[in-house]
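Chains, contacts and geometry: an overview
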Amino acid sequence: MIKPPRATLQQLRSFEAAARLGGIGKAAQALHLAQPTVSTQIKELSQALNLTLFEAEGRGLRITPHGELLADTVRDLFARWRQFEEDAQAMQGLQKGNLKLAAVTTTEYFIPDLLGPFSRQYPGLRIDLAVENRDAVIRHLSAGEVELAVMMLPPTDLPLSRWPFLENPLVLIAPLGHPLSARKRLRLEQLTKETRLTREPGSGTRQATDQYLAAQDVTWPARMGLGSNEAIKHAVAAGLGLAVLSRHTLGPDPAAQGLVELKVAGLPIRKMWHVVWRSDRALSLPARTFLAALRQQFGEEAPVIEGEAG
């Protein structure tokens with residue numbers, strides 16, 4: 001016989017908000033409740049479970065190990081409940097629901113083409129897309145704020161499943177007419193006197209480039225960091241330096257943007273775009289349906305579970 005829970009939904013909501021936001025005052029504000037109400041609900045929850053969930057630390061609170069365990073459980077419970085609500089609505093034809101995903105900034109050149117047909121097929125489905133750099137996307141995944149993410153370099157410290165679906169070659173670009181553009185075959189060592197432009201820290205393109213240079217034992221420090229692919233392309237076209245970018249950012253005619261791809265031994269850096277999701281949490285029906293649509297478009301390869309891929 002299944003024992004009924006010893007906690008109310010209101011108590012769990014107050015506890016989860018306090019654990020996530022780091023305090024009762026912030027939780028009360030987020031839940032639009034009076035602070036004594038939130039405090040009482042958490043106290044009653046602690047008494048019902050006979051566990052200490054928070055401990056005083058200065059003027060604030062510190063969550064205990066039991067509290068951390070409960071917080072993970074409550075987040076999973078709420079995620080399963082959201083999935084139930086969306087699946088129940090979806091039984092009427094996936095006319096309602098919410099698809100939450102994040103993608104690194106370079107995907108802005110192709111991800112609208114992936115979402116467009118899906119959105120037209122399910123016009124009642126709300127799609128929330130966060131387009132940010134790699135570090136921010138990982139934070140969204142870690143906090144459970146999105147179900148799916150599109151990135152080049154999935155993190156290894158989260159329980160993730162990943163599915164590589166699209167090539168992402170990283171190429172070296174120079175301004176049109178650059179003296180090196182006439183060379184048929186360049187070596188990386190010949191480029192190190194050139195100014196190297198790069199994305200900001202936290203960018204997957206920058207991380208992949210730095211890893212590649214280190215593997216080739218080539219020292220070529222970045223001298224200017226820029227916050228977007230478009231800013232880098234404009235800077236390169238203006239003659240401020242060279243840069244490694246995804247070929248997806250260049251479009252069909254780089255010359256029209258004042259750019260040229262240099263022919264360098266070992267380049268492009270061969271990478272893949274991945275769809276990733278938490279392997280320790282169940283996906284909602286909208287997320288599963290979107291994954292199925294991508295597999296139909298790009299092929300039926302089985303996902304690789306992070307940690308087993310080597």
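Structure shown above.
Reading the values: the criteria
- Residues numbered from 1 in each chain as written.
- Predicted model: local features only at pLDDT ≥ 70, side-chain atom pairs only at ≥ 80, totals over all residues.
- Heavy atoms only, no water.
- Helix = DSSP H or I, 4+ residues; strand = E, 2+ residues; numbered from the N terminus.
- Buried < 20%, exposed > 50% of the residue type's maximum accessible area, 1.4 Å probe, protein only.
- Areas by Shrake-Rupley, 256 points an atom, 1.4 Å probe, with all protein chains shown as cover.
- Pairing = 2+ DSSP bridges.
- Phe/Tyr/Trp six-rings, centres within 6.5 Å; stacked < 30°, edge-to-face > 60°.
- Lys NZ or Arg CZ within 6 Å of the ring centre and 35° of its normal.
- Axes fitted to C-alpha atoms, helices over the stretch in contact; angles between N-to-C directions.
- Contact = heavy atoms within 4.5 Å.
- Salt bridge = Lys/Arg side-chain N within 4 Å of Asp/Glu carboxyl O.

**A word on the overall build of the chain**
Scanning the chain for helices and strands turns up nine helices and 13 strands. Across its three principal directions, the C-alpha atoms of the chain cover 75 × 50 × 35 Å. Each of the 310 residues in the chain was classed as buried or not, and the buried ones make up 44%. Surface accessibility of the chain: about 16800 Å² in total, with carbon and sulfur atoms responsible for 52%.

**A few points about the pairing of strand S1 (residues 54-57)**
Along any regular strand, the residues point their side chains to alternate faces of the sheet. Sheet analysis places S1 next to strand S2 (residues 60-63), joined by four bridges and oriented antiparallel. Looking across to S2, one finds that phenylalanine 54 is bridged to isoleucine 63. Between S1 and S2, which pair antiparallel in sequence order, lie two residues; one of them, glycine 58, sits at a positive phi of approximately 65°.

**Focus: the packing of aromatic side chains**
One pass over the structure, following the stated rule, counts seven aromatic pairs. With a centroid separation of 5.6 Å and 50° between ring planes, the pair formed by phenylalanine 15 and phenylalanine 54 is classed as tilted. One end of the pair, phenylalanine 15, is in helix H1 (residues 9-21); the other, phenylalanine 54, is in strand S1, with 39 residues separating them in the sequence. Owing to a relative accessible area of 0%, phenylalanine 15 belongs among the buried residues under this scheme. For phenylalanine 54, a relative accessible area of 16% corresponds to the buried category. Here tryptophan 163 and phenylalanine 165 contribute two aromatic rings whose centre-to-centre distance is 5.9 Å and whose plane-to-plane angle is 20°, an arrangement assigned as stacked. The same class applies to tryptophan 163 as to phenylalanine 165, namely buried. In textbook terms, an aromatic cluster arises when at least three aromatic residues are bridged by ring pairs, as seen for Phe118, Tyr122 and Phe290. Its guanidinium or amino end placed over the ring of tryptophan 163, arginine 295 lies 5.4 Å from that ring's centre, counting from NZ or CZ.

**Quick word on the sheet that holds strand S9 (residues 224-226)**
If you walk across this open sheet you meet the five strands as S9-S8-S10-S7-S11, and the pairing is mixed. Across the chains shown, the open sheet's two edge strands, defined by having one partner strand only, are S9 and strand S11 (259-261). If you compare each strand with its neighbour and ignore which way they point, the axes differ by 35° on average. Sheet topology places strand S8 (residues 196-199) next to S9; three bridges connect them, and they run parallel. Each bridged residue has a counterpart across the sheet, and for leucine 197 the counterpart in S9 is methionine 224. Helix H7 (residues 204-215) rests against strand S7 (170-175), S8 and strand S10 (242-246) of the sheet, and its axis sits at about 130° to S8.

**A look at unusual backbone geometry**
Cis geometry is adopted by the peptide bond preceding proline 268, which originates at leucine 267 and carries an omega value of 5°. Here proline 268 shows up in the loop between S11 and strand S12 (272-278).

**Some points on the pairing of S10**
Most of S10 is tucked away: five of the five residues are buried. Every second residue of S10 is oriented toward a common face, with Leu242, Val244 and Ser246 on one face and Ala243 and Leu245 on the other, all of them buried. Bridge count for S7 against S10 is four bridges, and the pairing is antiparallel. Its bridge partner lying in S10, leucine 172 is registered against valine 244. Pairing geometry for S8 and S10, over two bridges, is parallel. In the sheet register, leucine 197 faces S10, and the bridge partner there is alanine 243.

**A short note on the pattern of salt bridges**
According to the stated counting rule, one finds 12 salt bridges in the structure shown. Between arginine 206 and aspartate 210 there is a salt bridge, with its nearest N and O atoms 4.0 Å apart. One end of the pair is arginine 206 and the other is aspartate 210, both in helix H7 and four residues apart, which spans about a single turn. Judged by relative accessible area, which is 33%, aspartate 210 ranks as partly exposed. With a closest N to O distance of 2.9 Å, glutamate 230 and lysine 233 form a salt bridge. Here glutamate 230 pairs with lysine 233, and both are found in helix H8 (residues 229-237), just three residues apart, close to one helical turn. Here the residues in one salt-bridge network are Glu55, Glu57 and Arg62, joined through shared partners.

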